[in-house]
Amino acid sequence: MMERTFHKDIEDLGARVVRMAELSRKSVFDGVEAFAALDAEAARRVIAFNQEINKADVGIEARALDLIALHQPMAKDLRALGASLKIITYLDRIGRYGYDIAKATLALEGKSHVRRLVGIPIMRDKALALLDKSVDAFRGRDAAKAREVQPADDEVDALYEQIFRECLTYMIEEPRTITQCTQYILVARHLERVGDNAGKIAEKTIYMVTGERRLDPSVA
Amino acid sequence: MKTIIESKGLRVAFGQKEVLHGVDLAIPEAEITAIIGPSGCGKSTFLRALNLMHDLTPSARITGEVVFDGRNIYDPGVDPVDLRRRIGMVFQKPNPFPTMSVFDNVAFGPRLLGLTRDEVHKRVEESLKKAAIWEETKDRLRAPATDLSGGQQQRLCIARALAVKPEILLLDEPTSALDPIATAKIEDLLGELKKEVTVVIVTHNMQQAARASDNTAYFLNGDLVEHGPTERLFENPKDERTEAYITGRFG
């Protein structure tokens, strides 16, 4: 089978998407680390780091559009480029949630946590595990693996509900915790969105591999 | 969706060499069907079989059926002249009658049909308009057809084919000798024409098939591999041979 340079170009583009995913992952991971430690310096580094993610987004989009213009791709090539264009938007958003969590750290500058954070790091790890699975599926063109992501996202959603209720209890019992608890709820909400966007990456991966387009089950 | 013409188990051989191995393909009425495939896949052979063009090749042997208007066009009683009036053909290279004027090229068919002078005039104007070449030729109808540019000549040939009011128009790579602007004009024209005539176009330009057709059929080595709605076939082909061809992983 003949491999044209164009197909190598598509593979290279896919590798850039995977590298961008690593950046987005780092943003969320480090964002929560900074938040858990209430480390303003680390938070500022996460904020600055988001420029890298934005650069990757813009660069990959430009390259994908060039490839479409130059080669008029068809079938799985077209689907790979279409999926990549959507996926980098989701990755950019995921990176942005890391940025928002870093901002939450700055909002609590000079304060301490109500108690040691447990739920939020767990939620982060679960949301990032979904991201890892989606990106693995994308890299390996593995629709079966991508299909495992959506159901697992329910777990992240459940954790969000749990943190939300826990914070409400704190705030009712002790109004002085409201500043912190408001940020906990926001951070948990951002992490819940990380999970949702990982699910969208999985959906686009399924489309890329099989051509099957599914409606987002969360809005059904 | 109504079928206007349909091949059933159509086989075409030239001498010992069979080039179509039993093709079943139904062409929907009032739509544009594109036939794509690599060189030698049998796509032009298929197209020509739809209006009895192989009758002109002594070594050609045809089995199976092409059903049009309720009968097999290969039945002995079918009048090839009448059939070719109802199923017109436009070729790869523009081939206006070289010694005739623009007007006479288009008037040729209607005159053979015995139309009156006035009717012929009306028919010529109507056909040139349908082929989107009236504006460019109305002031030079008496000029030799060969004075026109390549793209204009091809539209003239389409006008000539339309002048006898065919039900189906077959086009065999009609734009492969034309520049992109002339090509775009012909593609736009096809979209207009399908309102009154079914179009079957053979093309080796996949983007053209993707842009201009409603249905696409992919031929390979004398077999019909896959056919279906154009958007589906180019976005998500079912057969991996189609996938390999349209993504350029072929060969």
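Residues numbered from 1 in each chain as written. Chains lettered and ligands numbered in written order. Predicted model: local features only at pLDDT ≥ 70, side-chain atom pairs only at ≥ 80, totals over all residues.

Novice: Give a detailed account of the interface of chain B and chain A, specifying residues and quantitative values.
Specialist: Counting residues at the interface gives 12 residues for chain B and 12 residues for chain A. Mapped by element, the contributors of at least two residues to the side of chain B that touches chain A are helix 8 (206-212), helix 9 (230-235) and helix 10 (240-246) of chain B. Counted by class, the side of chain B that touches chain A contains four nonpolar, five polar and three charged residues. (Contact = placed C-beta atoms within 7 Å. Helix = DSSP H or I, 4+ residues; strand = E, 2+ residues; numbered from the N terminus. Nonpolar A, V, L, I, M, F, W, Y, C, P; charged D, E, K, R; others polar.)

Novice: Explain the environment of Gly82(A) residue by residue, including any values.
Specialist: With respect to the helices and strands, Gly82(A) occurs in helix 3 (residues 75-107). Remark: the alpha-carbon pair of Gly82(A) and Glu61(A), spanning 21 residues in sequence, is separated by 10 Å.

Novice: Please provide a residue-by-residue account of unusual backbone geometry, values included.
Specialist: Residue and element names in this part refer to chain B. We note that Ala-30 has phi near 60 degrees; this positive angle belongs to a residue other than glycine. Secondary-structure assignment places Ala-30 in the loop between strand 2 (17-28) and strand 3 (32-36). With a phi close to 45 degrees, Glu-173 is a non-glycine residue in the positive phi region. Residue position: Glu-173 is located in the loop between strand 7 (168-172) and helix 7 (180-193). For Glu-173, a count of 19 C-beta atoms within 10 Å translates into the label partly exposed. (Buried ≥ 20, exposed ≤ 12 C-beta atoms within 10 Å, placed from the backbone.)

Novice: I'd like a description of the sheet that holds strand 7 of chain B, backed by residues and values.
Specialist: Sheet strands associate in pairs through backbone hydrogen bonding, adopting either a parallel or an antiparallel arrangement. Residues and elements named next belong to chain B. As summarised here, the arrangement of the six strands in space is 6-7-8-3-9-10, forming an open sheet in which the pairing is mixed. Every interior strand has two partners, whereas the edge strands, strand 6 (87-90) and strand 10 (223-229), have only one. Between one strand axis and the next, the sheet turns by 15 degrees as a mean value, whatever way the strands run. Pairing of strand 3 with strand 9 (residues 215-220) involves four bridges; the strand directions are parallel. Note that in strand 9 the partner of Ile-35 across the bridge is Ala-217. Packing of helix 6 (residues 150-162) onto the sheet brings it into contact with strand 6 and strand 7, and relative to strand 6 it is tilted by some 170 degrees. (Pairing = 2+ DSSP bridges. Axes fitted to C-alpha atoms, helices over the stretch in contact; angles between N-to-C directions.)

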